[in-house]
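This is what each chain is made of:
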Amino acid sequence: ITAIGKELDVSYLLEGSFQSSGDSAKLIVQLIKTRKEGHIWGNEYNIVMSEIFTLQSRVAQAIAGELNAAITPTEKQLIEKTPTTSLTAYDFYQRGKEEYLKYWSDNKNIESLNKSEDFYHKAIEYDSAFSQAYVGLAWIWGIKNYWDDFFSENFLDSVQILADKALSFDKNLAEAYTCKGNFYHQVGKPQQALEEFEKAIKLNPNDWVTYNERGILYRNYDLVKAIENYNKAISLCRGGEQLSILLKNLSRVYSTAGFSDLFKQYLMKAFNLKEDSLEYFYCLSCDEYYKADFTRRLEIDTIAYSLDSTEYSILFDIGYDYMVLGKQKESLESFTKWLKNTQTLTEDHIFGMHRIGWAYWENGFKKEADYYFNRQIENCNKMNELGRVIGDPFRTYYDLAGIYAFIGDKDKAYENLRIFNSSKMKSLLWISLFKTDPLFKNIRNDPEFQQIVIEVETKYQAEHERVREWLEEQGML
């Protein structure tokens, strides 16, 4: 008990056993101190299964009483809330949630995603007002339709509709507000997203999913708050594979902020929980990208591809490595091999067409190059028009500037660079890109370009120092 308490950093553990036979059940629970091991409270309950939700409320309030915790009227109402009157619906919901978490831990596991969707639908068949099941379907709908609807004016609208339907049955459902927050983030409305996340946290301050979603949003605006939210999510998440992903997310923020040692420290923690070698090398690759060491990155990407030659996204990364290293022929070979093996839309299709255009241009295929340059211009303009965001909301302006700089339209290049430079925070990624991106070779020595680079570096250094000071204040550095 003491070892478990130390590992989880908790003061108390609730130990329980449950037995059921037909419609009757017995629950035995006891509350145990971990710091100075000892039994505090225990009880035995004999119930019929239809009373299970009432029993959950009684146990929660009894434990709070033993801990002398003050329960507000709102908290008491939430504790006593019954999610559904149908035990069958609740069972299907729990099974759906379990399958969804399997997919969340491994997004290649489409079978679990489909099972989750089926279970949520079955839950609603038994209880058409089961709010949590509607939220589950909202997340799944967003995943399944994300790329197909990416450039649609109604992008993710069904996610919001399903979340709102859940709230129509239960206005105090925290996970519905988290889902809506994710929706607003995806459609480029960060302030509205934060407002929804705040609602969710007020209703359930112990939901790691909300803190993770808020961390994802903040990593493009405020790295200190991103770290704070990821740390909070990690402290609340007990699942091995889910915790591994949260640690990986945190490690990448440290890399973005320029703290490579902390990046490696948290990456190893993640790897020790989930020994996914491919994911491990992917994260190492990102770190070398941020540090602008593309010789080392190419070595890492090559190892990763040798581990799984069906992971075609690595081919795109290898093509970019060759691009920066000035190996035009090898770059085009990797990019074209990637194109042949990826039929569905991905992030690389959205943001990588001008890289392929460069490779064609440098190998003498000007017609093909123009085609891919124009595709990237169209992608960026559509994203700006529709408010689509993947990662940094100013990324599209950087890509447009690179294309126009390369084809010789300096006016448009600087017009987009000025918009890109209008954001307050810049990460280490942009320093790497400005130093190495071949698309800017025609303007790299221009005074205005060099001034923009200086300003971007200054913004990055300011954020790096702010993170460093905060880490020192927290005793984490």
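See the structure shown above.
Residues numbered from 1 in each chain as written. Predicted model: local features only at pLDDT ≥ 70, side-chain atom pairs only at ≥ 80, totals over all residues. Heavy atoms only, no water.

K.L.:
Would you mind going over the sheet that holds strand β2 (residues 24-33) with me for this structure?
P.N.:
The strands that make up a sheet pair up through hydrogen bonds in the backbone, lying either parallel or antiparallel. One open sheet holds the 3 strands; their spatial order is β1-β2-β3, and the pairing between them is antiparallel. Unpaired on one side and paired on the other, β1 (12-21) and β3 (38-48) mark the two borders of the sheet. The mean inter-strand angle of the sheet, taken between neighbouring strand axes irrespective of direction, is 10°. Pairing of β2 with β3 involves 10 bridges; the strand directions are antiparallel. Among the inter-strand pairings, Val-29 is bridged to a residue of β3, identified as Asn-43. Across the sheet, helix α2 (residues 52-66) lies against β1, β2 and β3, angled at about 160° from β3, the strand it touches most. (Pairing = 2+ DSSP bridges. Helix = DSSP H or I, 4+ residues; strand = E, 2+ residues; numbered from the N terminus. Axes fitted to C-alpha atoms, helices over the stretch in contact; angles between N-to-C directions. Contact = heavy atoms within 4.5 Å.)

K.L.:
What should I look at first to understand the pairing of β1 in this one?
P.N.:
Regular strands place side chains that alternate from one sheet face to the opposite one. Where β1 lies against β2, 10 bridges are found, and the strand directions are antiparallel. Bridging from a neighbouring strand, Leu-14 pairs with Leu-31 of β2. From the end of β1 to the start of β2, which pair antiparallel, there are 2 residues, and Gly-22 there has a positive phi angle of about 65°.

K.L.:
I'm lost on the packing of helix α4 (residues 87-105) against helix α5 (residues 110-126) in this one. Help?
P.N.:
Axis separation between α4 and α5 bottoms out at 7 Å; the angle between their running directions is 160°. Taken as axis vectors, α4 and α5 run roughly antiparallel relative to one another. Note on packing geometry: the crossing formed by α4 with α5 is left-handed. Facing α4, whose interface residues are Thr-88, Ala-89, Phe-92, Tyr-93, Arg-95, Gly-96, Lys-97, Glu-99, Tyr-100, Lys-102 and Tyr-103, α5 presents Ile-110, Ser-112, Leu-113, Lys-115, Ser-116, Phe-119, Tyr-120, Lys-122, Ala-123 and Tyr-126. Here the contact of α4 with α5 is composed, by residue class, of 11 nonpolar, 4 polar and 6 charged. (Parallel < 35°, antiparallel > 145°, perpendicular 65-115°, else oblique. Left-handed = near helix turned anticlockwise from the far one by under 90°. Nonpolar A, V, L, I, M, F, W, Y, C, P; charged D, E, K, R; others polar.)

K.L.:
Is there a simple way to think about the packing of α4 against helix α6 (residues 131-145) in this case?
P.N.:
Relative orientation and spacing of two packed helices are given, respectively, by the angle between their axes and the distance between those axes. Running from N to C, α4 and α6 point in directions that differ by 30°, and their axes come no closer than 10 Å. What the angle tells us is that α4 and α6 run roughly parallel. Crossing of α4 over α6 shows left-handed handedness. Judged by residue contacts, Tyr-93, Tyr-100 and Tyr-103 of α4 engage Gln-132, Ala-133, Trp-139, Ile-140 and Ile-143 from α6. Residues belonging to the contact of α4 with α6 are distributed by class as follows: 7 nonpolar, 1 polar and no charged.

K.L.:
Quick question: what am I supposed to make of the nonpolar core here?
P.N.:
As a rule of thumb, nonpolar side chains are buried together in soluble globular proteins. If you look at the biggest cluster of nonpolar residues, it comprises 146 residues, and the most contacted ones within it are Tyr-254, Ile-356, Leu-417 and Phe-434. Aside from chain neighbours lying at most four places away, what touches Leu-417 is Ala-401, Phe-434, Phe-440, Ile-443, Phe-449 and Ile-452. (Core = buried A, V, L, I, M, F, W, Y, C linked by side-chain atoms within 4.5 Å. Buried < 20%, exposed > 50% of the residue type's maximum accessible area, 1.4 Å probe, protein only.)

K.L.:
When you look at the pattern of salt bridges in this model, what are you seeing that I'm missing?
P.N.:
It is possible for side chains bearing opposite charge to pair when their charged atoms get close. Within the structure shown, the criterion is met by 27 salt bridges. Among the ionic pairs, Lys-108 bridges to Asp-308, the shortest N-O distance being 3.6 Å. One end of the pair, Lys-108, is in the loop between α4 and α5; the other, Asp-308, is in the loop between α15 (294-307) and α16 (313-324), and 200 residues separate them in sequence. Put simply, Asp-321 and Arg-297 hold a salt bridge, and the shortest N to O gap is 2.6 Å. Taken together, the residues span a long stretch of sequence, with Asp-321 in helix α16 and Arg-297 in helix α15 at a distance of 24 residues. Per residue, the accessibility class of Asp-321 equals that of Arg-297, and both read buried. (Salt bridge = Lys/Arg side-chain N within 4 Å of Asp/Glu carboxyl O.)

K.L.:
For this particular structure, what's the right way to read unusual backbone geometry?
P.N.:
With a phi angle near 65°, Leu-156 is a residue other than glycine that sits in the positive phi range. Examined against the element boundaries, Leu-156 turns out to sit in the loop between α6 and α7 (157-169). Even without glycine at this site, Ala-292 takes up a positive phi of about 65°. Here Ala-292 lies in the loop between α14 (277-290) and α15.

K.L.:
Which parts of the structure should I look at to understand the packing of aromatic side chains?
P.N.:
Each aromatic ring pair is summarised here by two numbers: the centre-to-centre distance and the angle between the ring planes. By the definition in use, this model includes 37 aromatic pairs. Ring centres of Tyr-398 and Trp-430 lie 5.1 Å apart, and the angle between their planes is 50°; on these two criteria the pair is classed as tilted. One end of the pair, Tyr-398, is in helix α21 (residues 395-407); the other, Trp-430, is in helix α23 (residues 428-436), and 32 residues separate them in sequence. For the pair formed by Tyr-398 and Trp-430, the shared burial category is buried. Sitting over the face of the ring of Phe-420, Lys-426 holds its NZ or CZ atom 3.4 Å from the ring centroid. One residue, Lys-426, lies across the ring of Trp-430, its end atom 6.0 Å from the ring centre. (Phe/Tyr/Trp six-rings, centres within 6.5 Å; stacked < 30°, edge-to-face > 60°. Lys NZ or Arg CZ within 6 Å of the ring centre and 35° of its normal.)

K.L.:
Honestly, the environment of Ser-17 in this entry has me stumped. Any pointers?
P.N.:
By the element assignment, Ser-17 lies in strand β1. Ser-17 sits in the partly exposed class, given a relative accessible area of 37%. Distance from Ser-17 to Trp-139, taken between C-alpha atoms, is 32 Å for residues 122 residues apart in sequence. Apart from residues lying up to four places away in sequence, Ser-17 is in contact with Lys-26, Leu-27 and Ile-28.

K.L.:
Looking at this structure, how should I read the side chain of Ser-423?
P.N.:
Structurally, Ser-423 is set in the loop between α22 (410-420) and α23. At a separation of 2.6 Å, a polar atom in the side chain of Ser-423 contacts the side chain of Lys-426. Every residue in contact with Ser-423, bar those within four places of it in the chain, is listed here: Phe-394 and Lys-459. (Polar contact = N/O pair within 3.5 Å; in protein donor to acceptor, adjacent residues only side chain to side chain.)

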